[in-house]
Amino acid sequence: MKETQKIYDVLKILEEMDQNSQTERAKQNLKAFLIANDTVKKSDKVNIWKFVGKEKFRPVMTGVCYIPSMKLAVASDTINMLISKPDYVERETNNGVRINGASEPCGIYRKDGTGVTKEYQTSDYPAFLSVIPKEETQKPATMNDRDAVARAIKEAKIAIKAKTAFRAIIQVAEGIWMRPESAELMLTMPEWKFACDKDMPGKRAITYRDDNYTALFMPSLPPKKETDEILYVEE
């Protein structure tokens, strides 16, 4: 809806008004309308381009890395990472990737098809395998209800877009908090099953594994106060 921005503007105005039961009811009704009309874009399948970094100062991270020796495609924004078998395609090698301490040829390409060559950055694509936790150091994460997480992501994005909050985090699993963007990527994985660190589940990466994908998601700092709520916002 093109007119939803007006609703966000009204939410911001209500937030700045003296709070009472009527203004609170009005805010909740407007938020319910936005959620019901599905204002947050969602996908039901893995999209490797959603994992690609956007920082221009690290060019090798702005494309997908295709590795011929492993038949894998890799993408990372330094917070989340996807290693994909289905997304691998044969591409001309134009760069290098660090594997087992050595540089192997790879092809790094942006979504528009342009290559990221050594002319852009002399360093190789990072040693992505070294940051994947070993399975024996992890345990199954106690995931929160998937639909509840999806709703919390919508509410978080509404609050941030309406400028009624400047930070929002989602408790995707017991003691594990994620930025809305990372939580949204987790929702696109084929199954709602993840593994977390045995000793520090909320401080180290949570991972996803199946026959086609391995994905890593770095958690966010938790709220200062313990809470069982799935959504936490700071105004």
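Reading guide: rules and limits
- Residues numbered from 1 in each chain as written.
- Predicted model: local features only at pLDDT ≥ 70, side-chain atom pairs only at ≥ 80, totals over all residues.
- Heavy atoms only, no water.
- Helix = DSSP H or I, 4+ residues; strand = E, 2+ residues; numbered from the N terminus.
- Buried < 20%, exposed > 50% of the residue type's maximum accessible area, 1.4 Å probe, protein only.
- Phe/Tyr/Trp six-rings, centres within 6.5 Å; stacked < 30°, edge-to-face > 60°.
- Pairing = 2+ DSSP bridges.
- Axes fitted to C-alpha atoms, helices over the stretch in contact; angles between N-to-C directions.
- Salt bridge = Lys/Arg side-chain N within 4 Å of Asp/Glu carboxyl O.

Chemist: Looking at this structure, I do not really get the overall build of the protein. What am I missing?
Modeler: Assigned secondary structure in the protein consists of 4 helices and 12 strands. Counting the 235 residues in the protein, one finds 44% classified as buried.

Chemist: What's the story with the packing of aromatic side chains in this structure? I'm lost.
Modeler: The description of an aromatic ring pair uses the distance of the two centres, along with the angle that the planes make with each other. Within this structure, the stated rule accounts for 6 aromatic pairs. When the centroid spacing of 6.1 Å and the interplanar angle of 55° are considered together, the rings of Phe51 and Phe217 count as tilted. Taken as a pair, Phe51 in the loop between helix H2 (21-36) and strand S1 (64-67) and Phe217 in strand S11 (residues 213-217) lie far apart in primary sequence, 166 residues in all. Taken together, a centroid distance of 6.5 Å and an interplanar angle of 55° make the contact between Tyr66 and Tyr109 tilted.

Chemist: In this structure, what is going on with the sheet that holds strand S8 (residues 176-178)? I would like to understand it.
Modeler: Sheets are built from strands paired through backbone hydrogen bonds, the pairs being either parallel or antiparallel. The antiparallel open sheet is built from 3 strands, whose spatial order is S8-S7-S12. The sheet is open, and its two borders are formed by S8 and strand S12 (231-234), each paired with just one other strand. Looking at each pair of strands side by side, their axes are set apart by 30° on average, direction ignored. Sheet topology note: the strand S7 (residues 167-173)/S12 ladder contains 4 bridges and is antiparallel. The partner of Ala168 across the bridge, within S12, is Val233.

Chemist: Would you explain the pattern of salt bridges in this entry?
Modeler: Where side chains of opposite charge bring their charged atoms close, a pairing between them can arise. Summed over all chains, the structure comprises 8 salt bridges. Asp124 is paired through a salt bridge with Lys118; the nearest N and O atoms lie 2.5 Å apart. The exposure class of Asp124 is buried, given its relative accessible area of 15%. For Glu191, the salt bridge goes to Lys193, with nearest N and O atoms at 3.7 Å. Of the residues examined, Glu191 reaches a relative accessible area of 39% and is grouped as partly exposed. Look at Lys193 and you get exposed, because its relative accessible area is 58%. One continuous salt-bridge network, built from bridges that share partners, spans Arg98, Lys118 and Asp124.

Chemist: What's the story with unusual backbone geometry in this structure? I'm lost.
Modeler: Negative phi values dominate among residues other than glycine, just as trans dominates among peptide bonds. Here Thr78, not a glycine, exhibits a phi torsion of approximately 80°, which is positive. Under the relative-accessibility criterion, Thr78 is labelled partly exposed at 45%. Unusually for a residue other than glycine, Asn100 sits at a positive phi of about 55°. Note on Asn100: relative accessible area 76%, which makes it exposed.

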